[in-house]
Every structure is written in structure tokens, then in C-alpha cells.
Amino acid sequence: MQAKESLFCVDNLGMPTTPLPREMCHGNPCHTHKVVHVLVLNEQNNILLQKRSRYKDIQPGRWDTSVGGHLIPGESEKAGALRECKEELGFVPENLMFLHQYMWLTDVESEIVSTYISTWNGPFDFDENEIEEIAFFSNDQIGQLIEKDKVTPNFRYEFECFTCRGMSRTMSNSHYPIRDICLCNECNRLVHYRSSIIPKSRFSEKKYWNLPVPGFGDALASLLIAGLAPGAHGANRTGRPFTGDAAGILLYENLNKLGLCNRAEAICRGDGMELKEVFVTNAVKCAPPKNLPNASEINRCRRFLEQEFQYLTRVKVIVALGRIAFQSVMKALRVEGSSHSETPLFQHGKVYDTESSLPCVIASYHPSMRNINTGLLSKEAFFLLLKSAVKLSRDLSSKCGTRS
Ligand code: URA
């Protein structure tokens, strides 16, 4: 019988923690683990990609980075890179060079990825059960594969960082504070509330997420959507913002219409939802009683919003859903250096231009069922607001790259 694979897990500071089985890490983004990638280039500087087997559980049939794998607990990044090249493609690189390290966050896992480059023209030897085919591609050809949605989101990110397309600095210096968020117990009232929510029998989950809910989406997002807080039986149940709750039906349906995600319905973590250009989060990460966090909870939780701003260096527009999210976003931006007034007036549809180097904020009524049913916000008006936010974020992105 094959031994169970244990992954090299780390804490917020990147320090090793107890290794955990793969099944535990794939399914819970709190268990950050180390991964190594190698981009193999040939003499023409084309990049070798591997097409993942159609039978893989994650990203089947898509083109992916040349070599990639989990580090063995205790293994150095370089040793892992050498081992993976040998195991996956049957060669020993002589000229490994460190490229960069970043955090790759999805709704089911969190990885610290260290990427190396190597030059090797071949030959290669690979397992056809794992890899469908391999081929070298020019940057233009990879651009076309990205357009046709034929590469993994992780490789798209890595490629954009590697080629620095149109940007002075593409990578964020800061990691997404996933463990800080998920392990936060600072607000007694919210901790007590979230652990006392009784699951509804109409949902298949026997156990709700019942932890603070981290943000979700594209690390290269130019648009950030900030909601209020997880709904008790929605995001607090599924562990992903706006997933499984009424407001999320409208939000993701619209993001899908605007081409920012690959499916119209957000059901649960791991449902295959992929966001492009957009990141979704909440001003308060825990479900509050009666959907209403109090002032100290909002203020305490704002540090996570600030850290999200640090992480999402390419965000140009923030859509704040509802007055509370709007005020918290504006306060967080003041910490970033914005000089607008402490309490700007909330006005639906207004674009608040904070500072040239900081994102603009667009205030929107929250797309809650109550606001839709009372007519405060129509479905059409919400769609049009999001559409204009996408246009603005694209226009601003084409003018400048990354916030420094
Ligand atoms: N679900 C969320 O995640 N946030 C909201 O603001 C509402 C529902």
C-alpha cells in the first residue's frame, strides 16, 4: 500500500508546522503548504508547458507550468525543484535559478510557491498517466492559450509575473493573511455567535465552516468587491464570500455575465468557480448576529481589509456594497495614505476618487434580497453599476500598472 503523502506546512511567518496529509490541505485553505515550480526554457526562450491529465482532480486537461510539486516536509526549495524535474520530466537541471516566491490562494488550498528557471532543450521522459503532453510555447502562443482559457489560473498568474506584462512590479510583497483571518478569535460576540449557529437541514453540509471567511479571487485583480459580512447560512456555511447566499446569487450571476467568472452559480468551495480580474471579500470576516456587526467589530476587522489592499497591488476600483462596507473601505484607504474626509457621505453610484495611486471607490447599495425586494436597488441597476466598475478598472489598468 502506498504511504499517504504528507505536505510541508507552514505558519504565517513561513515557519514549518506539523506536516499534514494532502487530503487535509486540499480542502482547507488554512493549511498553507510549500510548493516548488520550475519554468523550463529552451534556447529560443520558449517555455515548456505540460498538459495535465484529463483524469486529475484539479484543473484536468489544462496547460500548466513546466514542473510543479509539493515539497517533502523539511526539504529545501532547491532540492525539491531538482527532485521534481527528475521525477516529472526525467532530467537533472544544471542551471537552476531562483525566480520568485508568492502565495497562491484558492478556495480550497493555500500554497507558498517558490519558482525556479532552468534551460533545457530535452529530451524529456514523463508519465502519460499524469501528463497528457508537453510542448514548448512562445510568449505569444501562451498569450493565445490564456485568451482561450486553456491554461491553469496559477500558470496564468505565474506567466504574467514572469513576463512583467506592461507593469513595473507585478508581484505583491505581502502574502494573503489567510491563517491570520481563519484563526482570528478577537471578537468574543462573533466567536460565540458563529459557533452557535445551528445548521439548517435543507443544506447538505453536516458541518458549517463557522470560521472567519477569507476573501476569494484573482490575485491580479483590478476590481475588488467588498461586502458587509458572511451570512450565517451562506458564506459562514460554505467558507467563501457570497457563496450559498441570496446576495451571492445576484453577484456571481452578474460577474459571470460580465465575463469575470466561469460559472453563474456559487455553490460551495471547490465548485470550480474561478474569478478573473476580480477579488471578492467582506469588510467583516465573521458572520454577525442579525447581519449587523457593531462598531468595534468593524474597526477590529479592518486590519484584514488593509492587508488585502497590500496584497492586491493591481486593484484600481473597489465596489463597496452597502454603507458599512463603504465606510470601512474608506477608513482603510486613509491608512494607505488617502486624504479624503474621515466620514465621506455614502451615495449610491458615486465614484470616489481617493488619490491617483490609490484605488477609486464606487459606493453601491448592498444587493441583499431586502434591498432588491423593497426596490431600493433593482437588479438592472446593480448590473449597470458593476459594468461601469469593470470598465473603469480596465481603463485605469491600461493607463498604469501596479501600485508601488
Ligand atoms: N454574503 C457575504 O459574503 N457578504 C455579504 O455582504 C452578504 C452575503
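This structure is a prediction, so every number in the text was calculated from the model and none was measured.

Conventions and cut-offs
- Residues numbered from 1 in each chain as written.
- Predicted model: local features only at pLDDT ≥ 70, side-chain atom pairs only at ≥ 80, totals over all residues.
- Heavy atoms only, no water.
- Domains from an automatic or database assignment.
- Contact = heavy atoms within 4.5 Å.
- Buried area = accessible area lost by both parts, 1.4 Å probe.
- Salt bridge = Lys/Arg side-chain N within 4 Å of Asp/Glu carboxyl O.
- Near = heavy atom within 4 Å.
- Polar contact = N/O pair within 3.5 Å; in protein donor to acceptor, adjacent residues only side chain to side chain.
- Areas by Shrake-Rupley, 256 points an atom, 1.4 Å probe, with all protein chains shown as cover.
- Nonpolar A, V, L, I, M, F, W, Y, C, P; charged D, E, K, R; others polar.
- Pairing = 2+ DSSP bridges.
- Helix = DSSP H or I, 4+ residues; strand = E, 2+ residues; numbered from the N terminus.
- Axes fitted to C-alpha atoms, helices over the stretch in contact; angles between N-to-C directions.
- Phe/Tyr/Trp six-rings, centres within 6.5 Å; stacked < 30°, edge-to-face > 60°.
- Buried < 20%, exposed > 50% of the residue type's maximum accessible area, 1.4 Å probe, protein only.

**Digging into the domain arrangement of the protein**
- For the protein, the domain assignment lists domain 1 (6–166) and domain 2 (179–399).
- If you average the C-alpha positions of domain 1 and of domain 2, the two centres end up 30 Å apart.
- Listed per partner, the contact involves 19 residues of domain 1 and 18 residues of domain 2.
- Together domain 1 and domain 2 conceal approximately 1600 Å² of surface at their shared face, both sides included; 52% is due to carbon and sulfur atoms.
- Its largest share of buried area at the contact with domain 2, domain 1 owes to C30, D107 and R156, together 35% of the area lost on that side.
- The interface formed by domain 1 and domain 2 holds four salt bridges in total.

**Regarding the site of the ligand**
- Around the ligand, a shell composed of G227, L228, A229, P230, A235, P241, F242, D245, N282 and H366 is seen.
- The separation between a nitrogen atom of the ligand and a polar side-chain atom of D245 is 2.8 Å.
- Contact distances for the ligand include 2.7 Å between a nitrogen atom and a side-chain N or O atom of N282.
- Across the complex, the protein chains shield 92% of the 230 Å² of accessible surface that the ligand would expose by itself.
- Across the shell around the ligand, the residue classes tally to six nonpolar, three polar and one charged.

**Thoughts on the sheet that holds strand β10 (residues 216–217)**
- Overall, mixed pairing links the six strands, which are arranged β10-β12-β11-β13-β15-β14 in an open sheet. Two strands close off the open sheet at either side, each with one partner strand: β10 and β14 (351–352).
- Judged from the four bridges that link them, strand β11 (residues 223–227) and strand β13 (residues 317–321) form a sheet pairing that is parallel. Within the sheet, the bridge partner assigned to I225 lies in β13 and is V319.
- Packing against the sheet, helix α10 (residues 323–335) makes contact with β11, β13, β14 and β15 (360–364), and its axis sits at approximately 145° to β13.

**Re the packing of aromatic side chains**
- Under the defined criterion, the tally for this structure stands at 14 aromatic pairs.
- Centroid distance F326 to Y352: 4.7 Å. Interplanar angle 50°. Geometry classified as tilted. With F326 in helix α10 and Y352 in strand β14, this pair connects stretches of sequence that are 26 residues apart. Judged on exposure class, the residue F326 and its partner Y352 are both buried.
- The structure contains a cluster of three or more aromatic residues connected by ring pairs, namely F91, W120, F124 and F136.

**Points about unusual backbone geometry**
- Each neighbour pair has its own omega, and for G122 with P123 the value is 5°, a cis peptide bond.
- If you trace the backbone, P123 turns up in the loop between β8 (110–119) and β9 (131–137).
- Not every positive phi belongs to a glycine, and K290 is a case in point at roughly 55°.
- In this fold, K290 is placed in the loop between β12 (278–282) and α9 (295–311).

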